[in-house]
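Chain by chain, the residues:
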Amino acid sequence: MTSYNLIRPLVFALDAEQAHRATIRSLGLLPRRALPAFPESLETEVAGLRFPSPVGLAAGFDKDGEVPDAMLSLGFGFVEVGTVTPRPQQGNPRPRLFRLAEDEAVINRMGFNNRGQANALARLERRSRRGVVGVNIGANKDSADRIADYVAGVAAMAPVADYLTVNISSPNTPGLRNLQAGGELVELLGAISEARTSQGPPVFLKVAPDLEAGDHDRIVRAAIDGRIDALIVANTTVSRPPLKSRFAGEAGGLSGAPLKPLALDALRAFRIASGSELPLIAAGGIASADDAWQRIVAGASLVQLYSALVYHGPGLARRIADGLAARLAERGMASIAEAVGSG
Ligand SMILES: Cc1cc2nc3c(=O)[nH]c(=O)nc-3n(C[C@H](O)[C@H](O)[C@H](O)COP(=O)(O)O)c2cc1C
């Protein structure tokens, strides 16, 4: 029983998007606190960044960078804000966010609703830089040149980002995922590589779980050639494994428990494709220390979660971190790095 179990019925009484807004607003009211300390064994280096815990908050929870410090202080080892697009946009009409409680899942078709990069930039400039905060960038729905939007995002957000994530895997901007295809991906990563400066932050690439055999090798090759520093595997799925909830037929990306096997399969395929040449960051259905450990031994250097927060509350990140430290100790391992890919 956690304190979240007590307030969960109140949260669930609200429409999903209203509950999310209320959550962000409450988090914004939390007094500023020191960053939590984690067991030393959890400290991990990826792309030259030092992560105090490998358990991060996935993109989409804090789209406009309103509460990264609150989420760090609640026990996340790193926080990814965004997706932010160059210009503000409304996203899709509501309702566009659905809790599938019977399935511990979420379907969303938000469509990159956000206040734009200038807004997030100003807010992130005001914080004092502590903890690892990444910025996830995307393209506007009505953009005539999506590659130019990513180039603009790199230039705009690099000054406030510990890392940047190039998100080409959201299913809710029509055609966006086509940027994962052969020629387009090479062109996009070439343009981004040119836009980066030598002092700029590392750049991660976030991919979909819905890929075909052969895609993994091709994406890994393009990522390495394009100087990508890590892959995030994965975004939400457009597939529909069997679901119990009445919202199962809603359009959008599915996340949470039903995504777990798909995201794990995709991670394994990317590990086979990349060996240990490209660090992997796992997301999709992670809700426990066992889930996180399974991804780490399958080759993930870091993990991220979002949907499980809806069902288990914000204390989950800390519980997973402590569970990972216990698993390392049980196996006589001194660090997460020792466990990565050991399965
Ligand atoms: C409501 C919602 C909004 C999301 N928005 C974004 C987004 O803006 N950018 C992005 O890269 N991923 C977004 N995601 C995907 C998550 O970052 C994550 O990759 C996915 O949900 C799988 O993890 P989970 O099962 O732990 O939720 C969103 C997910 C949800 C549930």
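Data block above holds the structure.
Now for a description of the structure that goes with this document. (Residues numbered from 1 in each chain as written. Predicted model: local features only at pLDDT ≥ 70, side-chain atom pairs only at ≥ 80, totals over all residues. Heavy atoms only, no water.)

1. Structural notes on the overall build of the chain
Okay, so step 1: On a plain count of helices and strands, the chain comes out with 12 helices and 13 strands.
Okay, so step 2: Taken along its principal axes, the extent of the C-alpha atoms in the chain is 50 × 50 × 45 Å.
Okay, so step 3: Taken over 343 residues, the chain has a buried fraction of 56%.
Okay, so step 4: By element, 53% of the accessible surface of the chain is carried by carbon and sulfur atoms, the whole surface being about 14,000 Å². (Helix = DSSP H or I, 4+ residues; strand = E, 2+ residues; numbered from the N terminus. Buried < 20%, exposed > 50% of the residue type's maximum accessible area, 1.4 Å probe, protein only. Areas by Shrake-Rupley, 256 points an atom, 1.4 Å probe, with all protein chains shown as cover.)

2. Quick look at the site of the ligand
Okay, so step 1: Near the ligand you find 23 residues, and of these Ala59, Thr83, Lys206, Gly285 and Ser307 are the closest.
Okay, so step 2: Between an oxygen atom of the ligand and a side-chain N or O atom of lysine 206, the distance comes to 2.8 Å.
Okay, so step 3: At 3.0 Å from an oxygen atom of the ligand is found a main-chain nitrogen or oxygen belonging to tyrosine 306.
Okay, so step 4: Burial of the ligand by the surrounding chains reaches 97%, relative to a free accessible area of 600 Å².
Okay, so step 5: Broken down by secondary-structure element, the contributors of at least two residues to the shell around the ligand are β4 (78-84), β6 (105-108) and β11 (253-256).
Okay, so step 6: Residues belonging to the shell around the ligand are distributed by class as follows: 8 nonpolar, 13 polar and 2 charged. (Near = heavy atom within 4 Å. Polar contact = N/O pair within 3.5 Å; in protein donor to acceptor, adjacent residues only side chain to side chain. Nonpolar A, V, L, I, M, F, W, Y, C, P; charged D, E, K, R; others polar.)

3. Focus on the sheet that holds β6
Okay, so step 1: Strand order in the open sheet formed by 3 strands is β5-β6-β11, and the pairing between neighbours is antiparallel. Bordering the open sheet on either side are β5 (97-100) and β11, each of which pairs with just one other strand. Across the sheet, the axes of successive neighbouring strands diverge by a mean angle of 20°, strand direction being ignored.
Okay, so step 2: Taken together, the 4 bridges between β5 and β6 define a ladder with antiparallel strand orientation. Note that in β6 the partner of phenylalanine 98 across the bridge is isoleucine 107. (Pairing = 2+ DSSP bridges. Axes fitted to C-alpha atoms, helices over the stretch in contact; angles between N-to-C directions.)

4. Looking at the pattern of salt bridges
Okay, so step 1: Counting across every chain of the model gives 17 salt bridges.
Okay, so step 2: Here glutamate 66 and arginine 21 are joined by a salt bridge, their closest N and O atoms 3.1 Å apart. Taken together, the positions of glutamate 66 in the loop between β3 (55-57) and α3 (68-73) and arginine 21 in helix α2 (residues 16-29) put the pair 45 residues apart, joining distant regions of the chain.
Okay, so step 3: Judged by its relative accessible area of 27%, glutamate 66 falls in the partly exposed class.
Okay, so step 4: A residue is classified by how much of its surface remains accessible, and arginine 21, at 28% relative accessible area, is partly exposed.
Okay, so step 5: The partner of aspartate 142 in a salt bridge is arginine 87, and the shortest N-O contact between them spans 3.0 Å. (Salt bridge = Lys/Arg side-chain N within 4 Å of Asp/Glu carboxyl O.)

5. Side note on the nonpolar core
Okay, so step 1: Judged by nonpolar contacts, the single largest core of 78 residues is most densely connected at Tyr150, Leu205 and Leu231.
Okay, so step 2: A total of 7 residues in this core trace back to one element, the largest contributor, which is helix α11 (residues 316-330).
Okay, so step 3: Ignoring anything within four residues of it in the chain, the contact list for leucine 231 reads Leu205, Val207, Val220, Ala223, Phe270, Leu278, Pro279, Leu280 and Ile281.
Okay, so step 4: Counting residues in hydrophobic clusters, the runner-up holds 11 residues, among them Phe78, Tyr163, Phe204 and Ile232. (Core = buried A, V, L, I, M, F, W, Y, C linked by side-chain atoms within 4.5 Å. Contact = heavy atoms within 4.5 Å.)

6. A closer look at the packing of aromatic side chains
Okay, so step 1: If you walk through the whole model with that rule in mind, you get 6 aromatic pairs.
Okay, so step 2: Ring geometry for phenylalanine 12 against tyrosine 311: centres 5.7 Å apart, planes inclined by 80°, an arrangement best described as edge-to-face. With phenylalanine 12 in helix α1 (residues 3-13) and tyrosine 311 in helix α10 (residues 307-312), this residue pair connects regions lying 299 residues apart in the sequence.
Okay, so step 3: On the basis of relative accessible area, phenylalanine 12 is assigned to the partly exposed category, the value being 22%.
Okay, so step 4: Taking relative accessible area as the criterion, tyrosine 311 reaches 3% and is therefore assigned buried.
Okay, so step 5: The interplanar angle of 25° and the centroid separation of 4.4 Å between the aromatic rings of tyrosine 163 and phenylalanine 204 together place this pair among those described as stacked. Here phenylalanine 204 lies in strand β9 (residues 203-207) and tyrosine 163 lies in strand β8 (residues 163-167), a separation of 41 residues in the sequence. (Phe/Tyr/Trp six-rings, centres within 6.5 Å; stacked < 30°, edge-to-face > 60°.)

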